[in-house]
Amino acid sequence: MTGVAANRVPTTLVVALVALPVAGLVVFYLWPFATLVVEAVDVDSIRTTFSRGRTWSIVWFTLWQAIVSTAITIVVGLAPAWVVARFAFPGRRLLLGLLTALFVLPTVVMGAAFLALLPDVVDRTALAVVAAHVAFNIAVVVRTVGAVWEHLPSDMEAAAATLGASPTVVFREITLPLLRPAVTAAAAIVFLFTFTSFGVIRVLGAPGTRTIEVEVWRRATQLGQIDQAAVLALLQLVVLGALAAWSAVSARRHSRALGLRPLGRAGAPRGARQRLVVGAIASATALVAIAPLSALVVNSFSTPTGWTSAAWTSLGSAEIRPGLSLGIDPLGTVVESLRTAAWATAFATVVGAVASLGIVAAGRSGRVLDAGLLLPIGTSAVTIGFGMLITFDTAPYDWRASWWIVPVGHALVAIPFVVRTTLAVLRSVDPTLSAAAATLGASPTRAWWEVVVPHLWRPLAVGAALAAAISLGEFGATSFLSRSGGETLPIAIETLLGRTGSLLQAKGYALATILAAVTILLVMVVDRSGDLVGASGRSAHRDDDA
């Protein structure tokens with residue numbers, strides 16, 4: 001251990017590595033957040049905001065739809081979680097892939113998919129919003145709860161069954177208490193997503209149906225009520241902070257040693273009845289994923305006058321009819337989204353790579369930066385965009401019209417994902433390898449460069465793909481930061497679907513189809529690269545055998 005300690009990365013190099021991510025976090029997150037609190041919020045704005053009955057109506061809708069969406073998602077998701085965890089069947093991996101694809105879709109695409117799928121009588125109602133939330137978040141329950149269920153010991157369940165307990169009693173008295181921490185964690189995540197819902201509400205909600213997130217955007221950009229929008233943004237942060245605290249306390253309270261069994265014991269369904277149940281649940285779950293995506297494609301070719309490809313062939317036209325412009329260039333938004341995603345990915349990859357190296361090199365001190373970089377994930381994208389809007393609006397920091405401001409907003413959200421994909425691999429590198437390099441005459445910096453840095457590239461490629469997917473679908477911050485002529489795909493989709501005219505809406509569905517396809521393609525790249533990242537992490541332990 002003495003040799004390892006003596007070969008630590010020099011402090012000057014650590015400081016140089018963390019300087020860029022720390023500066024970015026301070027300038028583009030902490031400064032806007034402080035501005036939001038200090039300059040936009042005062043006693044009068046708080047009093048004015050909460051004295052309005054409309055405010056409490058919005059808070060109530062945000063709360064109850066999130067609670068209902070969460071409850072239904074948990075109940076609906078337990079069945080496929082059980083099937084995936086307990087049984088091996090043809091198409092199991094495909095089912096998980098479909099659910100994951102649905103979850104990673106941009107929220108505006110999910111809103112468009114359900115707008116295309118649901119009948120007109122349900123469109124733009126609270127029911128439509130809840131249905132989209134359930135389908136969007138069911139993967140959270142299947143993945144989170146199923147991961148624990150797959151490992152649960154079956155001896156207690158078998159013992160209860162031999163004593164005469166029915167399957168319902170076994171589930172209620174044995175299985176569910178063991179799953180409670182996982183169910184609680186999944187519920188907290190789903191509530192977070194539904195409470196801060198923005199894209200789904202913008203597309204599916206009626207004009208008077210707004211969550212706090214949407215109301216912040218409306219008051220800031222449409223009504224010019226910056227102070228009231230800031231109060232609502234802080235109210236949302238308080239609720240999310242309370243949720244995080246409750247989730248942490250609940251996790252500690254219900255944590256227990258479960259004696260989890262190893263993988264590999266899931267078997268095929270036994271008996272005709274069990275095969276029927278498993279098949280029905282798997283098929284219904286697959287339908288939940290396939291139907292919305294299929295509806296997008298169908299509606300991009302369908303109009304009241306019949307089937308046509310006009311929506312696709314006219315994507316390059318910004319005219320509604322001769323002399324009347326749409327206001328946005330549909331095909332141009334594709335180019336703008338790709339350009340923005342390329343820059344956001346570059347920013348996130350560079351900063352994420354440097355941050356990961358700095359966190360690992362700093363040892364225990366790196367935990368502070370690691371936690372700090374996670375802050376943008378715990379803050380809604382709308383709040384991030386709002387803070388940047390009111391901070392960078394005066395000279396000499398009037399950056400709102402700068403081409404790079406939108407990619408930077410996207411990168412803030414993407415950087416934590418880049419860091420998470422790279423840290424696990426970098427931390428798996430055996431520190432004694434650097435000591436061995438030192439004994440061969442390498443300086444601490446040279447040993448670090450030769451031993452640690454080569455393990456960065458594979459996970460960094462996965463992080464870059466994630467960053468690109470996040471940027472392409474980002475809607476909240478972009479709604480504040482984008483300018484006329486610089487609209488991205490999510491902005492164009494929401495605009496087109498909100499217009500009257502079947503051809504315009506078909507164009508919106510066509511753009512949503514493009515965005516969905518590109519996002520799923522990027523996620524497939526990440527999934528395929530996951531095995532390479534795992535191999536890279538394992539090879540870090542085997543390098544000393546070479």
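Residues numbered from 1 in each chain as written. Predicted model: local features only at pLDDT ≥ 70, side-chain atom pairs only at ≥ 80, totals over all residues. Heavy atoms only, no water.

Along its length, the protein chain carries 25 helices and four strands. Looking at the 546 residues of the protein chain, the share that counts as buried comes to 50%. Here the analysis covers contacts within the protein chain between residues at least 6 apart in sequence; of these, 81% occur between residues at least 24 apart. By element, 66% of the accessible surface of the protein chain is carried by carbon and sulfur atoms, the whole surface being about 24,700 Å². (Helix = DSSP H or I, 4+ residues; strand = E, 2+ residues; numbered from the N terminus. Buried < 20%, exposed > 50% of the residue type's maximum accessible area, 1.4 Å probe, protein only. Contact = heavy atoms within 4.5 Å. Areas by Shrake-Rupley, 256 points an atom, 1.4 Å probe, with all protein chains shown as cover.)

All right, on to the environment of Thr333 then. One can find Thr333 in helix α15 (residues 330-362). Residue classification places Thr333 among the buried positions, given a relative accessible area of 1%. It is 8.8 Å that separates the C-alpha atoms of Thr333 and Pro490, two residues lying 157 residues apart in sequence. For Thr333, the contacting residues outside a window of four places in its chain are Glu487, Thr488, Leu489, Ala492 and Leu511.

Before going further, it helps to examine the confidence of the model for the protein chain. Confidence along the protein chain averages 82 in pLDDT terms, with 85% of residues attaining 70 or more. Helix α1 (residues 2-6) is the least confidently modelled element of the protein chain, averaging 44 in pLDDT, while helix α4 (residues 53-86) averages 92, the highest of any element. Here residues 1-7 is a poorly scored stretch, pLDDT under 50, and it has eleven contacts once near neighbours within four places are set aside; other chains count. Scored below 50 in pLDDT, residues 531-546 shows 24 contacts in the model against residues more than four places distant or in partner chains. (pLDDT = per-residue confidence, 0-100.)

Before going further, it helps to spend a moment on the side chain of Thr391. Its location among the elements puts Thr391 in helix α18 (residues 381-391). At 2.7 Å, the side chain of Thr391 and the backbone oxygen of Gly387 are in polar contact. Excluding its chain neighbours within four sequence positions, the residues that come into contact with Thr391 are Trp31, Pro32, Thr35 and Tyr397. (Polar contact = N/O pair within 3.5 Å; in protein donor to acceptor, adjacent residues only side chain to side chain.)

Our focus in this paragraph is a nonpolar patch on the surface. Taken together, Val22, Val26, Leu30 and Leu375 make up a surface patch of nonpolar side chains, about 290 Å² in accessible area. At three residues, helix α2 (residues 11-38) tops the list of elements feeding residues into the nonpolar patch. Relative to the helices and strands, Leu375 resides in helix α17 (residues 375-378). (Patch = residues over 30% accessible without salt bridge, like charges linked within 9 Å, V, L, I, M, F, W, Y side chains within 5 Å. Salt bridge = Lys/Arg side-chain N within 4 Å of Asp/Glu carboxyl O.)

Taking 1.5 Å of rise per residue, the 28 residues of α2 would be expected to cover 40 Å, yet its terminal C-alpha atoms sit only 35 Å apart, more than 12% below that figure. For α2, the principal kink sits at Val26 and spans about 35 degrees. (Expected span 1.5 Å × (residues − 1). Bend = angle between axes of the 7 residues up to and from the residue.)

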